[in-house]
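Each chain is listed here by its residues.
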Amino acid sequence: MKLTIKLFTETDPFAPTEFIPVFHRWIQNQSLPNHLLIDVADYAHVPAGPGTLVVASEANIHMDRSENRLGLLYVRKQPIPGATTFAEELRGTLAETFKAAIKLQAEPEFTSKLKFNTSELSIRLNDRLQAPNDDHTLEKFKKDFDTLATTLFGPSPFIIEHYKPSPLTLFEIRIKAGDAPPLKRLLERITSHVPV
């Protein structure tokens, strides 16, 4: 199952092309472990569009502006190594998303102004055949989503919202929590559950 995860930023003080040189540097240095970084694409001219992205063999990593909300959008293209269940694929993809966000947040250009809002998380299932955008898909994967949210945010309260159910869009949930732990803490909480 191909997964897409978005972490929203707290604010958006960025110029449309500000992420391009950083992503080019990532390619030059192959800065993201477990990813073969290939190219940068820029759609900053598209209103509420896909923004700027670095293309890797394993995933596309966007600074995405859809819905006019800036965030890191991690679009997984290859299976997570060692994952044999949907739950493992979900946790592994989320771990890679967190790693990319931590890396980006630590870049010298962004250390004082890029901060991700970890109290809200978007997860899309990029497979209309196995995961149509309806209540049956929600029920099918609800236990996995509940377990993930509890791992990330428990015992803080959270809600899981089926976001805009429609046959015209991908199945998406939003996890919204009462707490906003640091990215590194969230990564630690799920890393022990990710296949080695």
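Refer to the structure presented above.
Residues numbered from 1 in each chain as written. Predicted model: local features only at pLDDT ≥ 70, side-chain atom pairs only at ≥ 80, totals over all residues. Heavy atoms only, no water.

Novice: I keep staring at the overall build of the chain and nothing clicks. Help me out?
Specialist: In terms of helices and strands, the chain carries 4 helices and 8 strands. Written out in order from the N terminus, the α and β elements of the chain read β-α-β-β-β-β-α-β-α-β-β-α. By the compact-globule yardstick of 16 Å for 196 residues, the chain fits well, its C-alpha radius of gyration being 16 Å. Considered along the principal axes of its C-alpha atoms, the chain spans approximately 40 × 35 × 30 Å. The proportion of buried residues among the 196 residues of the chain is 50%. Partitioning the intrachain contacts of the chain with sequence separation of at least 6 by distance along the chain shows that 63% fall at a separation of at least 24. Here the chain has roughly 9400 Å² of accessible surface; of this, 55% comes from carbon and sulfur atoms. Averaging the positions of the 23 positive and the 24 negative side-chain charges in the chain gives two centres separated by 2 Å. (Helix = DSSP H or I, 4+ residues; strand = E, 2+ residues; numbered from the N terminus. Rg over C-alpha atoms; globule rule 2.2 N^0.38 Å. Buried < 20%, exposed > 50% of the residue type's maximum accessible area, 1.4 Å probe, protein only. Contact = heavy atoms within 4.5 Å. Areas by Shrake-Rupley, 256 points an atom, 1.4 Å probe, with all protein chains shown as cover. Lys, Arg positive; Asp, Glu negative; His and termini not counted. Charge placed at Lys NZ, Arg CZ, Asp CG, Glu CD.)

Novice: Can you walk me through helix α3 (residues 135-153) in this structure?
Specialist: In an α-helix, one full turn covers 3.6 residues, which means residues spaced three or four apart are oriented alike. Roughly 55° is the biggest bend found in α3, and it falls at F141. For α3, the complete set of buried residues consists of T137, F141, F145, L148, A149, L152 and F153. Elements that come into contact with the buried residues of α3 comprise α2 (86-105), β6 (116-125), β7 (158-162), β8 (171-177) and α4 (183-191). (Bend = angle between axes of the 7 residues up to and from the residue.)

Novice: Is there a simple way to think about the nonpolar core in this case?
Specialist: The tendency in soluble globular proteins is for nonpolar side chains to be buried as a group. One finds M63, L72, F98, L104, I123, F145 and L152 to be the most contacted residues of the largest nonpolar core, which totals 50 residues. The leading source of residues in this core is α2, at 9 residues. With residues up to four places along the chain from it excluded, the contact list for F98 reads L7, L152, L183, L186, L187 and I190. (Core = buried A, V, L, I, M, F, W, Y, C linked by side-chain atoms within 4.5 Å.)

Novice: I tried to follow the sheet that holds β6 on my own but got confused; where do I start?
Specialist: Backbone hydrogen bonds are what pair the strands of a sheet, in a parallel or an antiparallel way. Strand order across the open sheet formed by 8 strands is β2-β3-β4-β5-β1-β6-β8-β7, with antiparallel pairing between neighbours. Taken across any chain shown, the strands that pair with only one partner, and hence form the sheet edges, are β2 (37-43) and β7. Averaged over all pairs of adjacent strands, the angle between strand axes in this sheet comes to 15°, irrespective of strand direction. With 5 bridges connecting them, strand β1 (residues 3-9) and strand β5 (residues 71-76) associate as antiparallel partners. Each residue of the ladder has a partner; that of T4, found in β5, is V75. Seen against the sheet, helix α1 (residues 20-29) touches β2, β3 (51-56) and β4 (59-64) and runs at an angle of roughly 170° to β2. (Pairing = 2+ DSSP bridges. Axes fitted to C-alpha atoms, helices over the stretch in contact; angles between N-to-C directions.)

Novice: Explanation requested: the packing of aromatic side chains in the structure shown.
Specialist: Centre distance and the angle of the planes are the two values used to describe a pair of aromatic rings. Taken as a whole and judged by the stated rule, the model has 8 aromatic pairs. On the basis of an interplanar angle of 45° and a centroid distance of 5.0 Å, the ring pair of F14 and F19 is categorised as tilted. A single burial state applies to F14 and to F19, both of which are buried. An angle of 40° between the planes, with centres 4.3 Å apart, marks the rings of F86 and F141 as tilted. Taken together, the positions of F86 in helix α2 and F141 in helix α3 put the pair 55 residues apart, joining distant regions of the chain. Each of the two residues, F86 as well as F141, counts as buried. Through pairs of rings, three or more aromatic residues link up here, namely F86, F141, F145 and F171. In this structure, R69 packs its charged tip against the face of F8, placed 3.8 Å from the ring centre. (Phe/Tyr/Trp six-rings, centres within 6.5 Å; stacked < 30°, edge-to-face > 60°. Lys NZ or Arg CZ within 6 Å of the ring centre and 35° of its normal.)

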